[in-house]
Amino acid sequence: MEEESAKEPASRAGLRSWRSVLDEVLRDRDYRSILIELFLMAFAEGMVMPYLTLWVTDGLHGTTAQAAFLFVPSGLVAIVAAITTGAYTDRVLRRKGAILLGLACAGLSFGGLGL
């Protein structure tokens, strides 16, 4: 019997359930505000991107391929930013600070769209 419990996979050994992690995130005021901000940013992006696509195809009389090309730069920037800031924050900063900085940058960029 003891041998069976000792055979627990190493990948499951130190993991907590998603429910306990979610409870911890929702209890912490900082993490909760970051979670809400990320949700709002994703919601805003989901509302803006279809209109940009329609603007390219209808307003500028572009093709759907040209409209799809709008998404390429943001995807490439996201990949580069994730790799570089992830490595940097692991060495130097706290992760909350990096997330707040990213949200501030996103807020400024979305605010610029409204001007």
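Residues numbered from 1 in each chain as written. Predicted model: local features only at pLDDT ≥ 70, side-chain atom pairs only at ≥ 80, totals over all residues. Heavy atoms only, no water.

A. Expanded view of the packing of helix α3 (residues 18-27) against helix α4 (residues 29-59). For the pair α3 and α4, interaxial distance at closest approach is 5 Å and the crossing angle is 100 degrees. With respect to α4, the element α3 is oriented roughly perpendicular. Counted together, Val-25, Leu-26 and Arg-27 of α3 and Arg-29, Tyr-31, Arg-32 and Leu-35 of α4 form the full contact between these two elements. Here the residues of the contact of α3 with α4 sort into 4 nonpolar, no polar and 3 charged. (Axes fitted to C-alpha atoms, helices over the stretch in contact; angles between N-to-C directions. Helix = DSSP H or I, 4+ residues; strand = E, 2+ residues; numbered from the N terminus. Parallel < 35°, antiparallel > 145°, perpendicular 65-115°, else oblique. Contact = heavy atoms within 4.5 Å. Nonpolar A, V, L, I, M, F, W, Y, C, P; charged D, E, K, R; others polar.)

B. Spatial organisation of the layout of surface pockets. Taken as a whole, the largest pocket encloses approximately 510 Å³ of empty space. Taken together, 19 residues make up the lining of the largest pocket; nearest its centre are Glu-45, Ser-74, Ala-106, Ser-109 and Phe-110. Listed by contribution, the elements that provide at least two residues to the lining of the largest pocket are α4, α6 (71-91) and α7 (95-113). When residues of the lining of the largest pocket are assigned to their parent elements, the largest contribution, 8 residues, is made by α7. A per-class count over the lining of the largest pocket returns 15 nonpolar, 3 polar and 1 charged. Within this model, the second largest pocket holds a volume of roughly 340 Å³. (1 Å grid on protein atoms, 1.4 Å probe; cavity = no way out; pocket = protein on both sides within 12 Å on 5 of 7 lines; lining within 4 Å. Points joined across faces, edges and corners; volume = space filled by probe spheres on them.)

C. Spotlight on the packing of aromatic side chains. Following the criterion strictly, the structure yields 1 aromatic pair and no others. Their ring planes at 20 degrees and their centres at 6.4 Å tell us that Phe-39 and Phe-43 sit as a pair that is stacked. Of this pair, Phe-39 and Phe-43 both sit in helix α4, separated by 4 residues, roughly a single helical turn. According to the relative accessible area criterion, Phe-39 is exposed, its value standing at 56%. Here Phe-43 falls in the partly exposed class, since its relative accessible area comes to 49%. (Phe/Tyr/Trp six-rings, centres within 6.5 Å; stacked < 30°, edge-to-face > 60°. Buried < 20%, exposed > 50% of the residue type's maximum accessible area, 1.4 Å probe, protein only.)

D. Up close: the environment of Val-25. Note on placement: Val-25 falls in helix α3. On the basis of relative accessibility, which here comes to 22%, the residue Val-25 falls in the partly exposed class. Sequence spacing of Val-25 and Leu-35 is 10 residues, and the spatial spacing of their C-alpha atoms is 8.3 Å. Each residue touching Val-25, except ones within four places of it in the same chain, is listed here: Tyr-31, Arg-32 and Leu-35.

E. Spatial organisation of the confidence of the model for the protein chain. Mean pLDDT over the protein chain stands at 78; residues scoring 70 or higher make up 85%. Least confident of the elements in the protein chain is helix α1 (residues 2-6), whose mean pLDDT is 49; most confident is helix α5 (residues 64-68), at 87. (pLDDT = per-residue confidence, 0-100.)

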